[in-house]
Amino acid sequence: MNLIFLGPPGAGKGTQAKRLAKEFDLKHISTGDILRDAVKSQTPLGMKAKEYMDRGELVPDELIIALIEEVMPEGGGVILDGFPRTIKQAEALDELFDKKSLKIDRVILFDAPDEDIVQRLSGRRTCPSCGAVFHVKFNPPKEDEICDRCGTKLIQREDDKEEVVRKRLEVYRKQTAPLIEYYEKRSILVKLNASKGIEEVYGELLSLLR
Ligand code: ADP
Ligand code: AMP
């Protein structure tokens, strides 16, 4: 099964993808996570990507497409989270899947109103060491500001600060939202009401996949 999780930043794609990937033994490919790791390790990709990420803009298509080609497993079995984000990336994915004789089974559109998005992003805390994601109110760690999984002190992502969040939402609307029509035309897009709690959203996600 190959799935694409589409939707605005903060809609809950990563939270659901991590759990679904574990339960169904899929590979969770989050381009955002891979880029953040690359920035941290100061690889050539990370050094090129950093300035775009800091500004809340998209990293150039050619860098992202090369990255996806590198990490895509031969036999598929993936949840693509945060990719594709432009029509050009979607076309490149179609080409790559054609070459590998893979198909996109479903595109799940995470649908949540702006108030929820802003609230979720402003309260998001991430572990700089293992990548676990929490929320100060909706998914708090057991011990304040400490990662449940590895004990590292949690941080707020630089691009979750208000100024950058506004930019990221604008970028989503302009560059990524056109993908809704792109996949609707192929009848593979399903809408998920992502404004409910984490457990309810997971339940709805499972029922959409059945
Ligand atoms: P995305 O991957 O779409 O950017 P995340 O999965 O990182 O979004 O979620 C953004 C924030 O919202 C995180 O702090 C996460 O804990 C929280 N969150 C995720 N899903 C929900 C939900 N259904 N209800 C409330 N908070 C949520
Ligand atoms: P995310 O973790 O998905 O919110 O992504 C964080 C940032 O990484 C984005 O704001 C972009 O700068 C960059 N990024 C992640 N995925 C992509 C992509 N598919 N195309 C371009 N830029 C991306």
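The structure this text deals with has already been given above.
Figured I'd write up the structure that's included with this text. Computed from a prediction, not measured in an experiment: that's the story for all the values here.

The rules we used
- Within each chain, residues carry numbers counting from 1 in the order of the written sequence.
- Here the convention is simple: chains get letters from A, ligands get numbers from 1, in the order in which they are written.
- In keeping with the predicted nature of the model, local features appear solely for residues at pLDDT of at least 70, side-chain atom pairs appear and are counted solely at 80 or more, and the whole-chain, interface and lining totals rest on all residues.
- Remark: hydrogens and water are excluded; side-chain values derive from all non-hydrogen atoms of the structure.
- The nearness test applies per residue and asks whether one of its heavy atoms lies within 4 Å of the molecule or strand.
- Residues adjacent in sequence count toward polar contacts only when both atoms are side-chain atoms; beyond that, a polar contact is any pair of N or O atoms within 3.5 Å, and within protein one must be able to donate a hydrogen and the other to accept it.
- For every accessible area listed, the method is Shrake-Rupley and the probe measures 1.4 Å; residues are considered covered only by the protein chains on display.
- Here a strand is any run of E in DSSP of at least two residues, a helix any run of H or I of at least four, and the numbering for each starts at the N terminus.

**Quick look at the site of ligand 1**
Item 1. Taken together, 19 residues lie around ligand 1, and Gly14, Thr15, Arg124, Phe134 and Lys196 are the ones closest in.
Item 2. Within the contact set of ligand 1, an oxygen atom lies 3.0 Å away from a backbone nitrogen or oxygen of Gly12.
Item 3. Separating a nitrogen atom of ligand 1 from a backbone N or O atom of Ile198 is a distance of 3.3 Å.
Item 4. Coverage of ligand 1 by the protein amounts to 94% of the 570 Å² it exposes when considered alone.
Item 5. Residue assignment for the shell around ligand 1 shows that the elements contributing at least two residues are helix H1 (13–24), strand E6 (133–135) and helix H9 (198–209).

**Side note on unusual backbone geometry**
Item 1. Of the consecutive residues Phe83 and Pro84, the connecting peptide bond is found in the cis state with omega at -5°.
Item 2. Here Pro84 is to be found in the loop between strand E3 (78–81) and helix H5 (87–100).
Item 3. In this structure, Glu145 takes a positive phi of about 65° despite not being glycine.
Item 4. Despite not being glycine, Ser187 has its phi angle at roughly 55°, a positive value.
Item 5. Structurally, Ser187 can be placed in the loop between helix H8 (178–184) and strand E7 (189–193).

**With respect to the site of ligand 2**
Item 1. Among the 16 residues in the neighbourhood of ligand 2, the closest are listed as Thr31, Arg36, Glu57, Gly82 and Gln89.
Item 2. Within the side chain of Gln89, a nitrogen or oxygen atom sits 2.9 Å from a nitrogen atom of ligand 2.
Item 3. Contact distances for ligand 2 include 3.2 Å between an oxygen atom and a side-chain N or O atom of Arg157.
Item 4. Taking 480 Å² as the accessible area of ligand 2 by itself, protein coverage stands at 95%.
Item 5. Ranked by residues supplied to the shell around ligand 2, first place goes to helix H2 (residues 31–40) with four residues.

Read these as layout, nothing more, since geometry by itself doesn't imply function.
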